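# Understanding the architecture of this molecule
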Protein chains: 2
Amino acid sequence: MRNRSVTYLLEATFQALADPTRRAVLDLLRRGSQPAGQIAGAFPVSRPAISKHLRLLRRAHLVREHREGRHRVYQLNPEPLRTVDKWLEHYRTFWTMNLTSLKNFVESEYAKETGKQSSVKPRAKNSKGEN
Amino acid sequence: MRNRSVTYLLEATFQALADPTRRAVLDLLRRGSQPAGQIAGAFPVSRPAISKHLRLLRRAHLVREHREGRHRVYQLNPEPLRTVDKWLEHYRTFWTMNLTSLKNFVESEYAKETGKQSSVKPRAKNSKGEN
DNA sequence: ATATCATGTAACTGTATGGTTACATGTTAT
DNA sequence: ATAACATGTAACCATACAGTTACATGATAT
């Protein structure tokens, strides 16, 4: 379903972005569309290797391809990156928060859930001996 | 420095984010730190499987771990996601640009239909045959 | 000391990835 | 038709990973 689609899209996208060569291909395509051979020429690996990278990028819909004579021109499609951006949204609040207050927040949440005292700050344990 | 390079960090991060279970773990930790066992309890896979996921998340520095008695409490570390956010920046302009061109496209279509002038310059076709 | 709990690691399996070279397919030029 | 070009795919190899079960380690409680 939709939820499944987003999950799958994110999976394919992150997977595609995990490889430095593929990220470099995207960076390259930011400057403009290019045929496969020209893309391959920009990297120190074999042409078939790039062909396979392009396949993964296609699978993630990060690039589109159209034929132009005997060339296959690849074009950047930023759409999936927007999905990544949206996914990041949940976490953005975390780093805008001051790191110290984040730490406190997280630890107090843990304390609430477990009823246990977090080991960091307060030493006021009950009658138990410390150290 | 342990921070080899942004490239390496991005690689480990995207790699870690590629798995839906690991993303779910992060989503869980957004609510608060938890010991490994409790995290594992939230998923339908075996505990060692989660343990390995946590190892990858650790490698990407997406979580931190500290011992608390016989528990190992895992805490979200959003820092690498900030790096991802920064990486996305290059592409963000891209999709806002796409939205802009889409807007222009829609407006020009509207103009064609109504004969109204829009902000998009009318294409002066050359002598080439048009159908 | 011993049992129990919490957790990581080893060993193993099946699958995917990243790389290579060799080959197939389709397009353009002669 | 044929040669040359652009590109993808197959076959193969090594490595990584996601999952499993069995085992090792370390902390608590008795």
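## Digging into the packing of helix α5 (residues 79-96) of chain A against helix α2 (residues 20-30) of chain B
Relative orientation of the contacting elements α5(A) and α2(B) amounts to 35°, with a least axis distance of 11 Å. Between α5(A) and α2(B) lies a crossing of left-handed hand. Where α5(A) abuts α2(B), its residues W87(A), H90(A), Y91(A) and F94(A) lie against R23(B), L26(B), D27(B) and R30(B). Its residues placed into classes, the contact of α5(A) with α2(B) shows four nonpolar, one polar and three charged.

## Considering the protein's contact with DNA strand C
Neighbouring DNA strand C are 24 residues, the closest being R22(A), S46(A), H53(A), G37(B) and Y74(B). Put simply, 64% of the atoms of DNA strand C that lie within 4 Å of the protein are in sugar or phosphate. With respect to DNA strand C, the backbone of A36(B) contributes an N or O atom lying 3.2 Å from a phosphate oxygen. G37(B) is positioned with one of its backbone polar atoms (N or O) 2.6 Å from a phosphate oxygen of DNA strand C. For the surface near DNA strand C, the secondary-structure elements that each account for two or more residues are α4 (47-59) of chain A together with α3 (36-41), α4 (47-59) and β3 (71-76) of chain B. Partitioning the surface near DNA strand C into residue classes produces eight nonpolar, seven polar and nine charged.

## Structural notes on the interface of chain B and chain A
On the side of chain A, 36 residues touch chain B, which itself brings 38 residues to the contact. Carbon and sulfur atoms supply 64% of the area buried between chain B and chain A, which totals about 3600 Å² over both sides. Interface area lost by chain B to chain A is led by R30(B), Y91(B) and W95(B), which between them contribute 17%. For the interface between chain B and chain A, the tally reads two salt bridges. Here R92(A) ties to D85(B) by a salt bridge, and the two come within 2.8 Å at their closest N and O atoms. Applying the counting rule to chain B against chain A returns six residue pairs in polar contact (both at pLDDT 80 or more). Put simply, the parts of the chain that give the side of chain B that touches chain A at least two residues each are α1 (6-17), α2, β1 (34-35), β2 (63-68), β3 and α5 (79-114) of chain B. A per-element tally of the side of chain B that touches chain A places α5(B) first, with 13 residues. Of the residues belonging to the side of chain B that touches chain A, the class tally is 18 nonpolar, eleven polar and nine charged.

Reading the values: the criteria
- Residues numbered from 1 in each chain as written.
- Chains lettered and ligands numbered in written order.
- Predicted model: local features only at pLDDT ≥ 70, side-chain atom pairs only at ≥ 80, totals over all residues.
- Heavy atoms only, no water.
- Axes fitted to C-alpha atoms, helices over the stretch in contact; angles between N-to-C directions.
- Helix = DSSP H or I, 4+ residues; strand = E, 2+ residues; numbered from the N terminus.
- Left-handed = near helix turned anticlockwise from the far one by under 90°.
- Contact = heavy atoms within 4.5 Å.
- Nonpolar A, V, L, I, M, F, W, Y, C, P; charged D, E, K, R; others polar.
- Near = heavy atom within 4 Å.
- Polar contact = N/O pair within 3.5 Å; in protein donor to acceptor, adjacent residues only side chain to side chain.
- Buried area = accessible area lost by both parts, 1.4 Å probe.
- Salt bridge = Lys/Arg side-chain N within 4 Å of Asp/Glu carboxyl O.

On their own, these measurements won't tell you what the molecule is for.
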